[in-house]
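# Fold and geometry: a report
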Amino acid sequence: MKRDSDLSRRDFLRAGLVAGLAGGAAARLAASVARESIEPAQRGMPVIIASGNGLRASERAMAMIKAGADTLDAVVAGVNIVEEDPSDMSVGYGGLPNERGDVELDSCVMHGPTYNAGAVASLRGIKTPSSVAKLVMERTDHILLVGPGALAFAKAHGFEEVDLLTDNARRAWLRWKERLSKSDDWLDDEEIGAEAERPTGTINCCALNEKGELSGVTTTSGLAYKIPGRVGDSPIIGAGLYVDNDVGAFGPTGRGEAAIMSCGSRIVVENMHRGMKPEDAALELLQRICAKTTEKRLLSSPGKPNFNLNFYAVNKDGEYGAAAIYRGGTYVVHDGTTNTRKQSAYIYEGR
Ligand code: GLY
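All of the points below concern the structure found in this document. Residue positions are given per chain, counting from 1 as you read along its sequence in written order. In view of the model being predicted, local features appear only for residues whose pLDDT reaches at least 70, and side-chain atom pairs are presented and counted only at 80 or more, with totals across whole chains, interfaces and linings using the full set of residues. Derived side-chain values reflect all non-hydrogen atoms in the structure, with water molecules and hydrogen atoms excluded from consideration.

### Here we look at the side chain of T220
Within the secondary structure layout, T220 lies in strand β6 (residues 214-220). Engagement of the side chain of T220 in a polar contact is seen with the backbone nitrogen of G222, the distance being 2.8 Å. Contacts: residue pairs with any heavy atoms within 4.5 Å of one another. Apart from residues lying up to four places away in sequence, T220 is in contact with S90, V91, E104, L105, D106, G201, T202 and S234. Every helix listed is a DSSP run of H or I at least four residues long, and every strand listed is a run of E at least two residues long, numbered separately from the N terminus. Within 3.5 Å is the distance limit for a polar contact, defined as a pair of N or O atoms, with the added protein rule that one can donate a hydrogen and the other accept it, and that residues adjacent in sequence qualify only through two side-chain atoms.

### Here's the deal with the packing of aromatic side chains
To describe a pair of aromatic rings, one takes the distance between the centres and the angle between the planes. Ring geometry is summarised as follows: Phe, Tyr and Trp rings, the Trp one being its six-membered ring, pair when their centres sit within 6.5 Å, and such pairs are stacked at plane angles under 30 degrees, edge-to-face over 60 and tilted between the two. All chains considered together, the criterion is met by 5 aromatic pairs. On the numbers, 6.4 Å between centres and 85 degrees between planes, the contact of Y115 with Y242 is edge-to-face. With a gap of 127 residues between them, Y115 in the loop between β2 (105-111) and β3 (116-123) and Y242 in strand β7 (residues 242-244) connect regions that are remote in the sequence. Residue class for Y242 comes out buried when judged on its relative accessible area of 5%. Three labels apply to residues, based on accessible area from a 1.4 Å probe with only protein chains included: buried if under 20% of the type maximum, exposed if over 50%, partly exposed otherwise in between.

### Focus on the sheet that holds β6
Taken together, the 8 strands give an open sheet; going across it, the order is β4-β3-β2-β6-β5-β1-β13-β14, and neighbouring strands pair in mixed fashion. Both outer strands of the open sheet, β4 (144-146) and β14 (339-343), are each paired with one neighbouring strand and no more. Shown here is a sheet whose adjacent strand axes are inclined to one another by a mean of 10 degrees, direction ignored. Alignment of strand β1 (residues 47-51) against strand β5 (residues 203-208), held across 4 bridges, turns out to be antiparallel. Residue pairing across strands places I49 opposite C206, the latter belonging to β5. Lying on the sheet, helix α5 (residues 129-139) is in contact with β2, β3, β4 and β6; it crosses β3 at an angle near 135 degrees. A pair of strands is considered paired only if DSSP assigns at least 2 bridges between the two. Lines fitted to C-alpha atoms define the axes here, with helix axes fitted over just the stretch in contact, and angles between the N-to-C directions of these axes take values from 0 to 180 degrees.

### Quick notes on the nonpolar core
What we call a nonpolar core is a set of buried Ala, Val, Leu, Ile, Met, Phe, Trp, Tyr and Cys residues that are connected through their side-chain atoms within 4.5 Å. Ranked by internal contacts, the top residues of the largest apolar core, which has 45 residues, are I49, L309, F311, V314 and I325. Top element by residues in this core is helix α10 (residues 278-292). It accounts for 7 residues. Not counting residues within four places of it along the chain, the set of residues in contact with L309 comprises T253, G254, R255, A258, A259, L286, I289, A323, A324 and I325. Ranked by size, the runner-up nonpolar core spans 32 residues in total, among them A50, A61, V79 and V82.

### Observations concerning the layout of surface pockets
Of the two site types, the cavity is a set of points on a 1 Å grid over the protein atoms alone where a 1.4 Å probe fits but cannot get out, and the pocket is an open set with protein on both sides within 12 Å along at least five of seven lines, each lined by residues with an atom within 4 Å of a point. Grid points are joined across faces, edges and corners, and a volume is the space filled by probe spheres set on the points. In this structure, the largest pocket encloses a volume near 680 Å³. Considering the residues around the largest pocket, the lining is formed by 30 residues, among which T200, G201, G254, R255 and N308 are closest to the centre. Within the residue set of the lining of the largest pocket, elements represented by two or more residues are β8 (248-254), α8 (256-261) and β11 (309-315). Here the element with the most residues in the lining of the largest pocket is β8; it accounts for 3 residues. Polarity classes work like this: nonpolar for Ala, Val, Leu, Ile, Met, Phe, Trp, Tyr, Cys and Pro, charged for Asp, Glu, Lys and Arg, and polar for all others, with Gly in that last group. Taken together, the residues that form the lining of the largest pocket break down as 4 nonpolar, 19 polar and 7 charged.

### Quick word on the side chain of S215
The topology assignment puts S215 in strand β6. Given the relative accessible area of 0%, S215 is considered buried. At 2.8 Å, the side chain of S215 and the side chain of T71 are in polar contact. Reaching out from S215, the side chain makes a polar contact with the backbone nitrogen of L72 at a distance of 3.4 Å. Leaving out residues up to four positions away in the same chain, S215 has contacts with T71, L72, M110, H111, G112, P113, C205, C206, A207, V243 and A249.

Here's what the structure looks like:
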């Protein structure tokens, strides 16, 4: 186990804070972690918060909200830009595939004013799963459609079925596959010395308009090279997204299994319901997740998960905040005037 003297002062403080969590001092604990994103309230102003890859999404969504569009129409139109962009390999068209080379997409939406939601999981062949999730909400009595059923539903509504695997994504998948094992027949290029990476990525975007209406969307190609059929948090209401029109909206990116296990989105919105500011609400859950992560395979060192989670929250008053387990997370905020990328608060400097 690492000695105290091996820990940075900040990490040491946080390690103590995590240990003390069981004592119920969550608000005090969250107040002691590193903060880089405290923001003043933006009462009466529209606000859009998104993951770091959401700059164009927030720009389009804010323009639509200012033109009078519904908050959900706006955020879905915003993330459609990223879903259709093959250069973002974490979302939609061009997203990294599962272990067999098939791209499987997850998405959900939630509309605050009607307290309604829709989602799709393991959807193949459709570039914009968030638009299909919105139709599940609007045109069915269900919340979640998966796999072939989700594809049939999308095609019934006129979506074009296309091959989502771009050349870049196919090459990345092949390199990963070649490096998996020395005892199979796929030859790798180990002389290059590169690690086989399994990137995660996702886009989350939540909006508040001047009337105080909230909506959100999360969309992803999920964990790269996943087992076919693996579903992450992004299509799970309460894990990958939650919106309460009386309280706030929240979404995560990062390790979906941790967001599902913690019912993360619902918990952060409940934290805000109990009076916590968005950033505090997010940090409190991250602290809890760190404290609950005890399996050796999920730890990089005692008390430190070997994965990251990034949280994005906005409340009914227009206050917003973002937090991650590890330093370096970014998020995007459009406050009605400026659209900027910012640094997220965090618990640990590094792994
Ligand atoms: N958070 C995205 C995923 O784990 O699939």
